[in-house]
Amino acid sequence: MNCCGIGAANVVEPAKIDWRLPRHPVIKRGTPFLLCVLDGWGENVEDDYNGIHKAQIPTIKALKNGAPKRWRTIKAHGTAVGLPSDQDMGNSEVGHNAMGAGKIIEQGAGLVDTALRSGNLYNDKGFSYIKEAWSNGPGTQHFIGLISDGGVHSRYDQLAQLMKGCVERGCKKIRVHGLTDGRDVAEGSSIKFFTELEKDLEALCKQGCDARVASGGGRMYVTMDRYEADWKIVERGWQAHVLGEAPNKFTNSVEAIETIKKKNPETNDQYLPPFVIIDKNGTPVGSIKDGDAVVIFNFRADRVAELSKAFEYQNFNKFDRKRWPKVKFAGMMQYDGDLKLPKHFLVSPPLIERVSGSYLVKNGVRTFACSETQKFGHVTFFWNGNRSGKLDHNFETYQEITSDLCPFNEKPKMKAEQIAKVAKDAILSGYYDYIRVNVANGDMVGHTGDMAAVITACETVDKSVKVMLDAIEKVGGIYMITADHGNADDMAQRDKKGKPLKDSEGKVKPLTSHTLAPVPCAIGGSGLPPNVEFRTDLPNAGLANITSTFMNLLGFEAPADYEPTLLKW
Ligand SMILES: O=C(O)[C@H](O)COP(=O)(O)O
Ligand SMILES: [Mn+2]
Ligand SMILES: [Mn+2]
């Protein structure tokens, strides 16, 4: 299965590109090369709240301490990966895009900001399309997405601006289907964000627009599945947002979140059960009907591609939609360039062209990419510039290992051992030049905020890395171990001075989000000529510099317009 569950397609690139890569002067082409991305593994202050520091990780420590000229850190957040500011933490999409493409690309968050600021969003065809529903007809404008200021999948301030823009242009009825976060922002912060949302909707009501929250739920339990890990999540969302059906019914979203949590103190923002807002007669205030307009306001693709298909595809068999309303549907962006999904969108996505994978397959590099479901699309779809198909069926093998379906602190080993085994087999097969894997544990377990589980996760990652490095050693290969952003490296919320925050019982408040930390990058292997090491003149290098570096390690010079290599020889 490819990441988005639809048949793979070869990517069409503009004609007249010279795809030939010159050979590297000292690194031999054809030496087996392992590129291992440790998801959510930052290089951070070594204190008691650094899950990586607290774990026993002899293999990864030896990379740092054993070969100082072949170990360094690189930037993985903010402007280094195309985000609007250096206060923005990195994330998998922007990190894998940068590593796959070799360039710093202005990402969705910034593109939406610019389109809203300039007003261009309202002049484009995507907005005209959805507007037809309420300027020429009685349709309601629905918005579905993640309500927080995390800046990874969405930003609430962008939704607020967009709603205002709609009202200024004559929209008379808005319904918001909001998902609680607690993963890119602190657990419990949903109350703050939904209070702000309710207040903003009230202000729009005063301007003559009937604006309300209609449904909601926790992002990990309702709507925002990814890579087809569990369609039930999307089905719950469909039922709440479209059909107006959920076991929990309330008249206000803040009351909904508070009451559900009070009844079940075990639940949290990420896993909040679905709820529907009803009027005084018990009727849902905003189920989605024929003639309405629906916008998903998340800019990031992976966790809204499935819902987009449910809205857009006539032939759809992932769950019983019961009712498939004929709506004007648009994404904040187009989420999949291969599938053209969705057809209508408000802001054009970043154009990510001539990615490293396209060059490598055209130069005959046999590639094996593998991860477990939760990160499978990261090393394929994101890596290839948000395209769901393979770049070349003859030169690429993609293997997905099915992830468990549970909060990952319950199974912190995840599928790391299986990924390592599959990668080892691919390395020892002698067939592949380039083995690319993502090991998910640091990130997925980091997001649970459970320190004990994070320690197990990191120790499992270390053992898995050892299995892969041993295989590389056996075949005289080369490796690069790096990461896409921080997460497990800080498990405590902190005050401005960096002191951990405590709750009313004196317990440290867990940090479930990514961090701003740089990430490690280690190279080595007996296939690497002895004089190759990291240069010292690029102290501010970021993830986009990785690309030229690994193209060198594969025996090629990188394209001239890629960010410079980190190597000297
Ligand atoms: O979608 C998620 O799980 C988080 O919002 C971001 O994590 P990722 O960027 O590591 O996937
Ligand atoms: Mn990640
Ligand atoms: Mn993450």
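Residues numbered from 1 in each chain as written. Chains lettered and ligands numbered in written order. Predicted model: local features only at pLDDT ≥ 70, side-chain atom pairs only at ≥ 80, totals over all residues. Heavy atoms only, no water.

Participant: Explain the coordination of the manganese ion (ligand 2) residue by residue, including any values.
Facilitator: Taken together, the protein donors to the manganese ion (ligand 2) comprise Asp39 (OD), Ser92 (OG), Asp484 (OD) and His485 (NE2), at separations of 1.9 to 2.1 Å. Read from N- to C-terminus, the donor residues coordinating the manganese ion (ligand 2) fall into the pattern D-x52-S-x391-D-H. The distance between the manganese ion (ligand 2) and the manganese ion (ligand 3) comes to 4.4 Å. Placement of the pair is Ser92 in helix 3 (residues 92-101) and His485 in the loop between strand 14 (478-483) and strand 15 (519-524), with a sequence separation of 393 residues. Pair check on accessibility: Ser92 and His485 agree, each one buried. (Donors = N, O, S within 2.8 Å, 3.2 Å for Na, K, Ca; no water. Helix = DSSP H or I, 4+ residues; strand = E, 2+ residues; numbered from the N terminus. Buried < 20%, exposed > 50% of the residue type's maximum accessible area, 1.4 Å probe, protein only.)

Participant: Outline the sheet that holds strand 2 (residues 71-74), supporting the account with residue identities and numerical values.
Facilitator: Across the sheet, seven strands lie side by side as 2-15-14-1-13-11-12; this open sheet has mixed pairing. For this open sheet the edge positions go to strand 2 and strand 12 (396-401), each flanked by a neighbour on one side alone. In this sheet, neighbouring strand axes are inclined to one another by 15° on average, regardless of whether the strands run parallel or antiparallel. Sheet analysis places strand 11 (residues 367-372) next to strand 12, joined by six bridges and oriented parallel. Bridge pairing in strand 12 links Cys370 to Gln399. Along the sheet face, helix 18 (residues 545-553) touches strand 1 (33-38), strand 2, strand 13 (434-439), strand 14 and strand 15 and points at about 165° away from the line of strand 14. (Pairing = 2+ DSSP bridges. Axes fitted to C-alpha atoms, helices over the stretch in contact; angles between N-to-C directions. Contact = heavy atoms within 4.5 Å.)

Participant: Outline the site of ligand 1, supporting the account with residue identities and numerical values.
Facilitator: Taken together, 17 residues are adjacent to ligand 1, and Ser92, His153, Asp184, Arg300 and Arg303 come closest. With respect to ligand 1, the side chain of His153 contributes an N or O atom lying 2.7 Å from an oxygen atom. Between ligand 1 and Asp443, the relevant distance is 3.0 Å, taken from an oxygen atom to a side-chain nitrogen or oxygen of the residue. About the coverage of ligand 1: the protein hides 100% of its 310 Å² of free accessible area. Here the residues of the shell around ligand 1 are counted per class, giving one nonpolar, seven polar and nine charged. The residues that make up the shell around ligand 1 include at least three from each of domain 1 (33-106 + 351-568) and domain 2 (109-347). (Near = heavy atom within 4 Å. Polar contact = N/O pair within 3.5 Å; in protein donor to acceptor, adjacent residues only side chain to side chain. Areas by Shrake-Rupley, 256 points an atom, 1.4 Å probe, with all protein chains shown as cover. Nonpolar A, V, L, I, M, F, W, Y, C, P; charged D, E, K, R; others polar. Domains from an automatic or database assignment.)

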